[in-house]
Amino acid sequence: SQKIEQNSEALNIQEGKTATLTCNYTNYSPAYLQWYRQDPGRGPVFLLLIRENEKEKRKERLKVTFDTTLKQSLFHITASQPADSATYLCALDPNTGFQKLVFGTGTRLLVSP
Amino acid sequence: DAGITQSPRYKITETGRQVTLMCHQTWSHSYMFWYRQDLGHGLRLIYYSAAADITDKGEVPDGYVVSRSKTENFPLTLESATRSQTSVYFCATWTGGELGSPLHFGNGTRLTVT
C-alpha cells in the first residue's frame with residue numbers, strides 16, 4: 001500500500017542544535033516533495049520544495065534532502081530557536097497532475113531555550 | 001488582503017444534521033481543495049475543484065458534497081453529519097501554475113459532531 005511516514009513522536013531539542021526530521025514514503029514515485037510548517041490552530045504554511053532531480057535544497061536555516069533510492073526526505077533546521085517549535089509536515093504529489101498532495105502525519109518539534 | 005477565509009472557526013452539531021463549511025479566497029486561484037485532519041491520519045483530501053463548476057473526489061469523499069459556482073467560494077456540505085466526521089477541516093488553494101508551487105491553506109474549521 002502507499003503511505004508516507006513521519007516520526008509521530010515529538011522531537012525535543014535544545015536551542016542552537018540542529019533538528020533533523022524524517023519523511024519516508026512507500027510505493028510512490030513523486031516528482032517532488034514539499035515541506036510545510038503548522039502551528040497550533042493554524043493551517044499549514046509552505047516552507048520548501050525539492051524536486052526528484054535535486055539532492056538538496058537550502059533556504060536560510062532550512063535544508064531539505066531528497067533520496068529517491070531510499071525513498072526518503074530529510075528536513076534540517078540549523079541553529080534552532082524556540083520559535084521553530086511547530087509541527088512539520090511533508091507532502092508529495094502522486095503524479096496526478098493536479099497537485100492533489102498526500103501528506104504525512106507530521107512531526108512535532110519542540111525547541112527548548 | 002485576507003487570502004483564504006474559512007467560516008465558522010468552530011462548529012458543534014448533532015448527528016444527522018446538515019452543516020456547511022465555507023471557504024472564500026481573494027486571490028482568484030484556479031484550484032481549491034478540502035482536507036480533513038485527524039490524529040494519526042494527517043491531512044486527507046476530501047474534494048478538489050479545478051475551476052468553477054469543475055469538482056472531483058479525493059481520498060475520503062463519502063458523506064460530503066461540494067459545489068463551486070464562483071471561483072472564490074468552495075463550500076463543503078455534510079449532508080447528514082456523523083460522529084466520524086468530527087475533525088478539523090482545511091480549505092486550500094493553488095494557482096494551477098507550475099507543479100510543486102505551494103498550496104495556501106486557511107486556518108481551518110474545527111467541527112464536532114455529537
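As the structure is a computational prediction, the values presented were derived from the model and not from experiment.

Draft legend 1. Fine view of the overall build of chain A. Within chain A, the regular secondary structure consists of zero helices and 11 strands. Mapped from its N terminus to its C terminus, chain A presents α and β elements in the order β-β-β-β-β-β-β-β-β-β-β. Its C-alpha atoms give chain A principal-axis dimensions of about 40 × 30 × 20 Å. Looking at the 113 residues of chain A, the share that counts as buried comes to 42%.

Draft legend 2. Just the sheet that holds strand 6 (residues 56–59) of chain A, in detail. All names here are of chain A. If you trace the five strands from one edge of the open sheet to the other, you get 1-3-8-7-6, paired in antiparallel fashion. The two strands at the open ends of the sheet, each matched to only one other strand, are strand 1 (3–6) and strand 6. Neighbour-to-neighbour, the strand axes of this sheet turn through a mean angle of 15 degrees, independent of strand direction. Pairing of strand 3 (residues 19–26) with strand 8 (residues 72–77), which is carried by six bridges, proceeds in the antiparallel orientation.

Draft legend 3. Summary view of the interface of chain A and chain B. With 21 residues of chain A at the interface, the matching set in chain B holds 23 residues. Note on chain A versus chain B: buried area summed over both sides is about 1,800 Å², and carbon and sulfur give 55% of it. When the area that chain A buries against chain B is broken down by residue, the three leading residues are F98(A), Q99(A) and F103(A), summing to 30%. The interface formed by chain A and chain B holds one salt bridge in total.

Draft legend 4. The layout of surface pockets, seen in detail. One number sums up the size of the largest pocket: a volume of about 710 Å³. Taken together, 30 residues line the largest pocket, and the ones lying closest to its centre are Q38(A), P40(A), T87(A), Q37(B) and L39(B). Elements with a contribution of two residues or more to the lining of the largest pocket: strand 9 (86–92) and strand 11 (107–112) of chain A together with strand 4 (31–38), strand 9 (87–94) and strand 11 (109–113) of chain B. In terms of residue count, the dominant contributor to the lining of the largest pocket is strand 11 of chain A (four residues). Of the voids in this model, the second largest pocket is the one considered here, and its volume is about 340 Å³.

Draft legend 5. Geometry of unusual backbone geometry. Each neighbour pair has its own omega, and for S7(B) with P8(B) the value is -10 degrees, a cis peptide bond. Position of P8(B) among the secondary structure elements: in the loop between strand 1 (4–7) and strand 2 (10–13). Not every positive phi belongs to a glycine, and Q99(A) is a case in point at roughly 55 degrees. One can find Q99(A) in the loop between strand 9 and strand 10 (102–103). Assessed through its relative accessible area of 0%, Q99(A) is described here as buried.

Draft legend 6. Quick peek at the side chain of T65(A). Residues and elements named next belong to chain A. Its location among the elements puts T65 in strand 7 (residues 62–67). With relative accessibility at 19%, the residue T65 sits in the buried group. The residues contacting T65, other than those within four sequence positions of it, are I50, K55, E56, Q72, S73, L74 and H76.

Draft legend 7. The arrangement of the side chain of D84(A) in detail. Residues and elements named next belong to chain A. Position of D84 among the secondary structure elements: in the loop between strand 8 and strand 9. Judged by its relative accessible area of 7%, D84 falls in the buried class. In this structure the side chain of D84 is engaged in a polar contact, spanning 3.0 Å, whose partner is the side chain of R61. Among all residues touching D84, those that are not within four sequence positions of it are R37, R61, I77, A79, L109 and V111.

Quick notes on the rules
For every chain, the first residue of the written sequence is number 1, and numbering continues from 1 along that sequence. The naming scheme follows written order: chains are lettered A onward, ligands numbered 1 onward. Local features are withheld for residues below a pLDDT of 70 in this predicted model, meaning they are given only at 70 or higher, and side-chain atom pairs are given and counted only at 80 or more; totals for whole chains, interfaces and linings count all residues. Calculation of side-chain values draws on the structure's entire complement of heavy atoms; hydrogens and water are dropped beforehand. Helix and strand labels come from DSSP, where a helix needs a run of H or I of at least four residues and a strand needs a run of E of at least two; each type is numbered from the N terminus. Whether a residue is buried, partly exposed or exposed follows from its accessible area with a 1.4 Å probe, protein chains only, as a fraction of its type maximum: under 20%, in between, or over 50%, in that order. Whether two strands pair depends on DSSP finding at least two bridges between them. To get an axis, a line is fitted to the C-alpha atoms, and for a helix only the part in contact is used. The angle between two axes follows their N-to-C directions and goes from 0 to 180 degrees. When checking whether two residues touch, look at their non-hydrogen atoms; a contact exists if any pair is within 4.5 Å. Buried area adds together the accessible area that both of two parts lose upon being put together, with accessible area traced by a 1.4 Å probe. Salt bridges are defined by distance alone: a side-chain nitrogen of Lys or Arg within 4 Å of a carboxyl oxygen of Asp or Glu. A cavity, in this analysis, means grid points on a 1 Å lattice covering only the protein atoms where a 1.4 Å probe fits yet has no way out; a pocket is instead an open set bounded by protein on both sides within 12 Å along at least five of seven lines, and a residue lines either one if it has an atom within 4 Å of a point. Grid points are joined across faces, edges and corners, and a volume is the space filled by probe spheres set on the points. Throughout this description, a polar contact denotes any pair of N or O atoms lying within 3.5 Å of each other; where both atoms belong to protein, one of them has to be capable of donating a hydrogen while the other can accept it, and for residues adjacent in sequence the pair is counted only when both atoms sit in side chains.

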